[in-house]
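Commentary on secondary and tertiary structure
The lines below spell out each chain.
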Amino acid sequence: MSSSDIFIGETIGTAILILLGGGVCAAVTLKASKARNAGWLAITFGWGFAVLTAVYTSAPLSGAHLNPAVTVALAIKDGDWSNVPTYFAGQLLGAMIGATLVWVAYYGQFHAHLTDREIVGGPGAQATAAKAVEAQEKGAGPVLGVFSTGPEIRNAAQNLATEIVGTVVLVLAVLTQGLNDKGNGLGTLGALVTALVVVSIGLSLGGPTGYAINPARDLGPRIVHALLPLPNKGGSDWGYAWIPVVGPLIGGAIAAGIYNVAFA
């Protein structure tokens, strides 16, 4: 794989991942969306199908890492770090493109949501405004969850541990059964397995933090949230932003170590 293939493949694949994953979050969250309040099952399966679609699309070009934690784990496993910066660049750019496309697709719904007094507060607001104010006081605006993750209980040690554990599960699945025979990326069966693993992580471990398990998936859309001209969007919660970046990278490294000791 050439550097250009890697960059293009990771950009396209990660953009699709965030477009569909962030899209299901927008669908469930925003007012005037037909899927509003569809619930956690819709989100977890939506993200799983997003992974499946993104992997199938990008695997022929880049091997479909789509996640800096996976890239780091494979570099540790193989001892080859030469393409890591290229993977990282494509993943971050793709995540930002995908998040921007979510905003485009749900433009009217974002406006309706963020100008609703019950959501953002103000004169005539109902009790739900208190929750929005509380979230903003913690650093997260009322639609930040469409773009990036946040904890239900703010405890840095627990939140970091949750992201580490979830990423170890994901990356071990990729390393042990998600690679094709050539060892250079996810094959057809591996894509399906990995998508189902993501659903499983969401259902079982996603409750505390929203299961970023992917630094680019969280950081890229958070940057977009900070830059987009959304009315009453609130904060981007930068005080928490390091956890869904550092946690998955640590988890990927741990998974690679486990793989090298137990499976290699």
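What this report covers is the structure whose coordinates are included nearby.

Definitions and cut-offs
Residues numbered from 1 in each chain as written. Predicted model: local features only at pLDDT ≥ 70, side-chain atom pairs only at ≥ 80, totals over all residues. Heavy atoms only, no water. Helix = DSSP H or I, 4+ residues; strand = E, 2+ residues; numbered from the N terminus. Contact = heavy atoms within 4.5 Å. Core = buried A, V, L, I, M, F, W, Y, C linked by side-chain atoms within 4.5 Å. Buried < 20%, exposed > 50% of the residue type's maximum accessible area, 1.4 Å probe, protein only. Patch = residues over 30% accessible without salt bridge, like charges linked within 9 Å, V, L, I, M, F, W, Y side chains within 5 Å. Areas by Shrake-Rupley, 256 points an atom, 1.4 Å probe, with all protein chains shown as cover. Salt bridge = Lys/Arg side-chain N within 4 Å of Asp/Glu carboxyl O. Expected span 1.5 Å × (residues − 1). Axes fitted to C-alpha atoms, helices over the stretch in contact; angles between N-to-C directions. Parallel < 35°, antiparallel > 145°, perpendicular 65-115°, else oblique. Nonpolar A, V, L, I, M, F, W, Y, C, P; charged D, E, K, R; others polar. Phe/Tyr/Trp six-rings, centres within 6.5 Å; stacked < 30°, edge-to-face > 60°. Bend = angle between axes of the 7 residues up to and from the residue. Left-handed = near helix turned anticlockwise from the far one by under 90°.

Describing the overall build of the protein
Within the protein, the secondary structure is distributed over 12 helices and zero strands. When the elements of the protein are put in sequence order from the N terminus, they spell out α-α-α-α-α-α-α-α-α-α-α-α. When contacts within the protein are restricted to residue pairs at least 6 apart in sequence, those whose partners lie at least 24 apart make up 78%.

Here's the deal with the nonpolar core
The biggest cluster of nonpolar side chains holds 56 residues, and the ones touching the most others in it are L17, W47, F110, F147 and L230. For this core, the element with the highest residue contribution is helix α9 (residues 156-177), accounting for nine residues. Excluding its chain neighbours within four sequence positions, the residues that come into contact with L230 are W103, F110, L114, V143, F147 and H225.

Some details on a nonpolar patch on the surface
On the surface, a nonpolar cluster with roughly 540 Å² of combined accessible area is contributed by F7, I8, I12, L93, I97, L101 and V104. Among the elements of the structure, α1 (3-29) and α4 (84-105) are those that each provide at least two residues to the nonpolar patch. Among the elements that take part in the nonpolar patch, α4 stands out by supplying four residues, more than any other.

Structural notes on α4
Taking 1.5 Å of rise per residue, 22 residues should cover 32 Å, and α4 covers 31 Å from first to last C-alpha, within 8% of that figure. Along α4, the positions that sit buried rather than exposed are V84, T86, Y87, G90, Q91, G94, A95, G98, A99, V102 and W103.

Concerning the packing of α4 against helix α5 (residues 107-114)
Running from N to C, α4 and α5 point in directions that differ by 75°, and their axes come no closer than 4 Å. Our classification of the angle between α4 and α5 gives roughly perpendicular. Packed against α4, whose contacting residues are V102, W103, V104 and A105, the element α5 presents Y107, Q109 and F110 at the interface. The residue inventory of the contact of α4 with α5, partitioned by class, reads six nonpolar, one polar and no charged.

Description of the packing of aromatic side chains
A full pass over the atoms with the stated rule returns five aromatic pairs. With a centroid separation of 6.2 Å and an interplanar angle of 45°, the aromatic rings of F45 and F49 are classed as tilted. Of this pair, F45 and F49 both sit in helix α2 (residues 40-62), four residues apart, which is roughly one turn of that helix. Overall, F45 belongs to the partly exposed group, its relative accessible area being 35%.

Quick look at unusual backbone geometry
With a phi close to 60°, A64 is a non-glycine residue in the positive phi region. By the element assignment, A64 lies in the loop between α2 and α3 (68-78). Notably, L66 is not glycine yet its phi reads approximately 60°, a positive angle. Inspection of the secondary structure assignment puts L66 in the loop between α2 and α3. Classification of L66 as buried rests on a relative accessible area of 4%.

Quick notes on α2
Between its first and last C-alpha, α2 extends 31 Å over 23 residues, near the 33 Å set by a 1.5 Å rise per residue. Of all bends in α2, the biggest is about 35°, found at Y56, and the proline P60 comes one to four residues later. Taken residue by residue, α2 has I43, T44, G46, W47, G48, A50, V51, L52, A54, V55, S58 and S62 as its buried positions. After α2 finishes, the residue G63 shows a positive phi value of roughly 85°.

A few points about the pattern of salt bridges
According to the stated counting rule, one finds four salt bridges in the structure shown. Among the salt bridges present, the one from D78 reaches K77, with a minimum N-O distance of 3.0 Å. Here R222 makes a salt bridge to D218, at a shortest N to O gap of 2.7 Å. Taken as a pair, R222 and D218 lie in helix α11 (residues 215-227) at a separation of four residues, close to a single helical turn.

What about the side chain of H225?
The residue H225 is located in helix α11 in this model. Ignoring sequence-local partners within four residues, the contact set of H225 consists of V143, L144, F147, L230, K233, G234, G235 and S236.

With respect to the packing of α9 against helix α12 (residues 243-262)
In the contact formed by α9 and α12, the axes pass within 7 Å of each other and the chain directions differ by 45°. Looking at the two axes, α9 sits oblique to α12. Crossing geometry of α9 relative to α12 is assigned as right-handed. Contact with α9, carried on its side by A156, N159, L160, E163, I164, T167, V168, V171, L172, L175 and T176, involves I243, V246, G247, P248, I250, G251, G252, I254, A255, A256, I258 and Y259 of α12 and no other residues of that element. Tallied by class, residues from the contact of α9 with α12 come to 16 nonpolar, six polar and one charged.

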